[in-house]
Amino acid sequence: MPFLTPGHPPRVFSSLSVQMHSQLLAAIPEQDLHRWHPNPAAESSLGDCPGPLNESLFPFSSGMINILHGLGLRFLALGHHTPFMHIGMAHNYRNVSQAIQAVRDCGYEISMGLMPKSIGPLTFCFTGTGNVSKGAQDIINELPVEYVEPHELKDVSETGDMTKVYATVLSRHHHLVRKSDGIYDPIEYEIHPELYTSHFRTSVAPYTTCLINGIYWDPHTPRLLRRLDAQMLMRPQKSSSAYNEGSPKLPHKLLAICDISADTGGSIEFMNECTTIDKPFCIYDADQHIDHDSVEGNGILMCSIDNLPAQLPIEATEYFGDRLFPYIWEMAVIASNGKLTPKFEYIEKLRERR
């Protein structure tokens, strides 16, 4: 049940009492109460001295906040109460700092082993290396996260540590190969992308809990996932995971997709239409090829809001305003000191013609 504090967004607390929650937090060693920050040199570590967040990426962070909230709802619908219930939709927070604190609260409980064992280790896959992907990664960095290479996902998804989550960043060379010989040539791909295909559906997707898609897609480029792939990924997986305790079991590994790129029918072929801030989630049933306006039922949770910056209006306004300001004179000033500015001198010629 939401816990309301005047002037603050609703927070959803776990089934633990508030008193017990405080006792658990007090049990964490003081040195671990910093936010977790990945160490690029060692793939990942618990950072004793948190590094600065990249404020320029805040407008791109709301998609990740939303899907973490969605995971909490989806797990609950599947019979599991998880620390992700701490996290609300991005627009529920006054600013991004409040949202980040909610993610950290979730991370504290994950680090204490409060994730249900029957879920197994959680894995996140980020596609792309641009601002969209980096903004999403900035949010997951607030969890106890370990970054691994895409080919390592299979192992960590089965035998990984339940007191952390795992993430991988997918670049082109990780999943694109030439159809004729299985080789990736970055120069040729730029010119002839139609000669290539993606093996993401078999090499990475089966071991991914949540996919965060931030890549540009063109009709000539290979799709990341097709409808047929979704049908295969929805089939129950036989796992050798040590985490088979408890119930109910998850129906399949890939539970959620956050398509921040918001390309309908694009790199995620079955992303049929964008979701909205009012209705952020739907369940895609690959067998019937339909979307259910719910977080329950058979299928994959989908979230693809195409106006994400509107959920963090303060940060978005500052970000885009700072970048537009240097061009205001050129773009918006039509006349100055009684004269037309150079870009708008053509108006005088139009007047003379009349």
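Residues numbered from 1 in each chain as written. Predicted model: local features only at pLDDT ≥ 70, side-chain atom pairs only at ≥ 80, totals over all residues. Heavy atoms only, no water.

Undergrad: Please give an account of the packing of helix 2 (residues 62-77) against helix 4 (residues 131-140) that cites residues and values.
TA: Where helix 2 contacts helix 4, the two axes come as close as 7 Å, and the packing angle between them is 50 degrees. Accordingly, the angle class assigned to the pair helix 2 and helix 4 is oblique. Crossing of helix 2 over helix 4 shows right-handed handedness. Residues Met 64, Ile 65 and Leu 68 of helix 2 lie in contact with helix 4, whose contacting residues are Ala 136, Ile 139 and Ile 140. (Axes fitted to C-alpha atoms, helices over the stretch in contact; angles between N-to-C directions. Helix = DSSP H or I, 4+ residues; strand = E, 2+ residues; numbered from the N terminus. Parallel < 35°, antiparallel > 145°, perpendicular 65-115°, else oblique. Left-handed = near helix turned anticlockwise from the far one by under 90°. Contact = heavy atoms within 4.5 Å.)

Undergrad: Please set out unusual backbone geometry residue by residue, giving values where relevant.
TA: For residues besides glycine, phi is generally negative; the peptide bonds are generally trans as well. Of note in the backbone geometry, His 289 takes a positive phi value of approximately 55 degrees without being a glycine. Counting through the fold element by element, His 289 comes out in the loop between strand 10 (282-285) and strand 11 (290-292). Positive phi, close to 55 degrees, is recorded for Asn 337, a residue that is not glycine. Note on placement: Asn 337 falls in the loop between strand 13 (335-336) and strand 14 (339-340). Of the residues examined, Asn 337 reaches a relative accessible area of 78% and is grouped as exposed. (Buried < 20%, exposed > 50% of the residue type's maximum accessible area, 1.4 Å probe, protein only.)

Undergrad: Before we move on, can you summarise the environment of Ala 99 with the specific residues and values?
TA: Note on placement: Ala 99 falls in helix 3 (residues 96-111). A relative accessible area of 0% places Ala 99 in the buried class. Once the C-alpha coordinates of Ala 99 and Met 89 are considered, the two residues, 10 residues apart in sequence, prove to be 8.6 Å apart.

So far we have only geometry, and geometry alone does not tell us how the molecule works.
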